[in-house]
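# What the coordinates show
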Amino acid sequence: MRGRMVGAGVTVLLVTGCGAQAEPVAVPPPAPVAVEVAAASSGGACRLLDFGVIEQHAGVRFDVAAASATGDSHTCVVRAGRATLPELTLTVTETSIDAATFASDVVPEKAAKVSGLGQRAYRRTTSAKGALGPVVEVGWLAAEGRLATLRYATPGDAGKAEAEKLTTALVALAGQLDTRAI
């Protein structure tokens, strides 16, 4: 009988100890972790771009990339955070035109010839328009039937002379892009 009473007493103690539950403790959420994502992770023409390489040439650190494709054209736009400008756009389109057709039909008026880039190439800087500053453009007829354009849109407060300096940097950047990789 004594064993039964001890067993009943232990059971009562165990049940009473489990009956009261502790209040949950509020734990603050962990701080967000910023993860740098490569431009290439956006796919499409963005696979040809690298934020670090762009920064080496253009002197601006971009960290957002978006790709799109329409038919045989592939485009990548890179920006710095939520800022609209500056903006760098790469477009690569499959084409069957030859160098002569490129020179007569694609190269814009007042564009300067660029040597050492693709089969034929040009560069130009347009004037500022409204909130958009000068735009620098490098276009070239690349190997294996690819028409490519790098376009750098500057903020409205950028001067044309400052934008002109970017043409050399964009030509160098264009020379590093293997447009066949799309």
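As shown above, the structure is provided for reference.
Residues numbered from 1 in each chain as written. Predicted model: local features only at pLDDT ≥ 70, side-chain atom pairs only at ≥ 80, totals over all residues. Heavy atoms only, no water.

## Considerations on the overall build of the protein chain
Note the threshold: For the purposes of this entry, the term helix denotes a DSSP run of H or I that reaches at least four residues, the term strand denotes a run of E that reaches at least two, and both are numbered from the N terminus. Classification of residues uses two cut-offs on accessible area relative to the type maximum, computed with a 1.4 Å probe and protein chains only: under 20% is buried, over 50% is exposed, and between them is partly exposed. Two residues form a contact once any of their heavy atoms are found within 4.5 Å. Each accessible area is a Shrake-Rupley result for a 1.4 Å probe, and residues are judged covered by the shown protein chains and nothing else.
Scanning the protein chain from N- to C-terminus turns up four helices and seven strands. Here the protein chain holds 182 residues, and 31% of them are scored as buried. Considering only residue pairs separated by 6 or more positions, the protein chain has 49% of its internal contacts joining residues 24 or more positions apart. Carbon together with sulfur atoms contributes 55% to the accessible area of the protein chain, which is approximately 11,100 Å² in total.

## Topic: the sheet that holds strand 2 (residues 73-79)
Definition in use: Any two strands with at least two DSSP-identified bridges between them are counted as paired. In this analysis an axis means a line fitted to C-alpha atoms, helices contributing only their contacting stretch, and an angle means the value between N-to-C directions, from 0 to 180 degrees.
With antiparallel pairing, the seven strands of this open sheet are ordered in space as 1-2-3-7-6-5-4. In the strand order of this sheet, the two ends are held by strand 1 (64-70) and strand 4 (112-114), each with one partner. With direction set aside, neighbouring strand axes in the sheet form an average angle of 15°. The sheet contacts of helix 3 (residues 99-106) involve strand 5 (120-126), strand 6 (132-142) and strand 7 (146-155), and relative to strand 5 the element is tilted by about 15°.

## Some points on the nonpolar core
In plain terms, the rule: The nonpolar core is taken to be a set of buried Ala, Val, Leu, Ile, Met, Phe, Trp, Tyr and Cys residues, with the residues joined through side-chain atoms within 4.5 Å.
Counting 32 residues, the largest nonpolar core has Val78, Leu88, Leu90, Trp140 and Leu150 as its most contacted members. Elements represented by at least two residues in this core include exactly helix 2 (51-58), strand 2, strand 3 (87-94), strand 6, strand 7 and helix 4 (160-175). With six residues, helix 4 is the largest single contributor of residues to this core. Ignoring anything within four residues of it in the chain, the contact list for Leu90 reads Ala45, Leu48, Leu49, His74, Thr75, Cys76, Trp140, Thr149, Leu150 and Leu177.

## Here we look at unusual backbone geometry
With the exception of glycine, most residues fall at negative phi, and the peptide bonds are largely trans. Residues Leu85 and Pro86 are joined by a peptide bond in cis, for which omega reads 5°. Here Pro86 is to be found in the loop between strand 2 and strand 3. The phi dihedral of Lys110 falls on the positive side, at around 65°, and the residue is not glycine. When you line up the elements, Lys110 lands in the loop between helix 3 and strand 4. Here Glu144, not a glycine, exhibits a phi torsion of approximately 55°, which is positive. Along the chain, Glu144 turns up in the loop between strand 6 and strand 7. Take Glu144: its relative accessible area is 58%, and that puts it in the exposed class.

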